[in-house]
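# Summary of the model geometry
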Amino acid sequence: MDKNSTGYKGIDLTGYQRKLKEIRRKNNKTQKEMSELINMSEEAWGKNERGECSPSTEFLIKLYQGTGVDLGTLFFDEKDELDRMLAKIHNMSESGLSIMLLEIAEMIGEENSIKLIEKMKGKK
């Protein structure tokens, strides 16, 4: 990913990066301390905060487990925007939902898709 914080299919990760930094600063922690808190490498935290990679499913899960942060708010500036997105998803046709899920799978990669499916199966 290039330094302009544009990820997969042009998704802007600037807000995500800013919010990661805010979370770290609110906790009065260094990148190293945050990485220890979520049990990830300092390099992984730094790359996510600088926008040098797209967030992996593992990173997001560990971020939630370590901090309790609402993951939806990392990618949306307004709660209303997230609610509108969820309403659209709820009202999608089965084929539209399938297309969206395939795009998400492409975005997060095969390995992370498999992990996500396994985690979802485990919750049933």
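Above this text you will find the structure in question.
Residues numbered from 1 in each chain as written. Predicted model: local features only at pLDDT ≥ 70, side-chain atom pairs only at ≥ 80, totals over all residues. Heavy atoms only, no water.

### A few points about helix α1 (residues 14–26)
One turn of the α-helix equals 3.6 residues, which is why residues spaced by three or four share an orientation. Relative to the 18 Å expected for 13 residues at 1.5 Å per residue, α1 spans 18 Å between its end C-alpha atoms, a close match to the ideal helical length. Those residues of α1 lying buried are Gly15, Tyr16, Gln17, Lys19, Leu20, Ile23 and Arg24. Residues of α1 that are buried in the fold lie against α2 (31–37), α3 (42–50), α4 (57–67) and α5 (72–75). A positive backbone phi angle near 50° is found at Asn28, which sits one or two residues after α1. (Helix = DSSP H or I, 4+ residues; strand = E, 2+ residues; numbered from the N terminus. Expected span 1.5 Å × (residues − 1). Buried < 20%, exposed > 50% of the residue type's maximum accessible area, 1.4 Å probe, protein only. Contact = heavy atoms within 4.5 Å.)

### As for the side chain of Asn48
As for its position among the elements, Asn48 is in helix α3. One polar contact links Asn48 to Tyr16, side chain to side chain, over a distance of 2.7 Å. (Polar contact = N/O pair within 3.5 Å; in protein donor to acceptor, adjacent residues only side chain to side chain.)

### Some details on the packing of aromatic side chains
All chains considered together, the criterion is met by one aromatic pair. With a centroid separation of 5.7 Å and an interplanar angle of 45°, the aromatic rings of Trp45 and Phe59 are classed as tilted. With Trp45 in helix α3 and Phe59 in helix α4, this residue pair connects regions lying 14 residues apart in the sequence. Take Trp45: its relative accessible area is 0%, and that puts it in the buried class. (Phe/Tyr/Trp six-rings, centres within 6.5 Å; stacked < 30°, edge-to-face > 60°.)

### What to know about a nonpolar patch on the surface
On the surface, Leu101, Ile104 and Met107 cluster together into a nonpolar patch covering about 240 Å² of accessible area. With respect to the helices and strands, the residue Leu101 is situated in helix α7 (residues 94–108). (Patch = residues over 30% accessible without salt bridge, like charges linked within 9 Å, V, L, I, M, F, W, Y side chains within 5 Å. Areas by Shrake-Rupley, 256 points an atom, 1.4 Å probe, with all protein chains shown as cover. Salt bridge = Lys/Arg side-chain N within 4 Å of Asp/Glu carboxyl O.)

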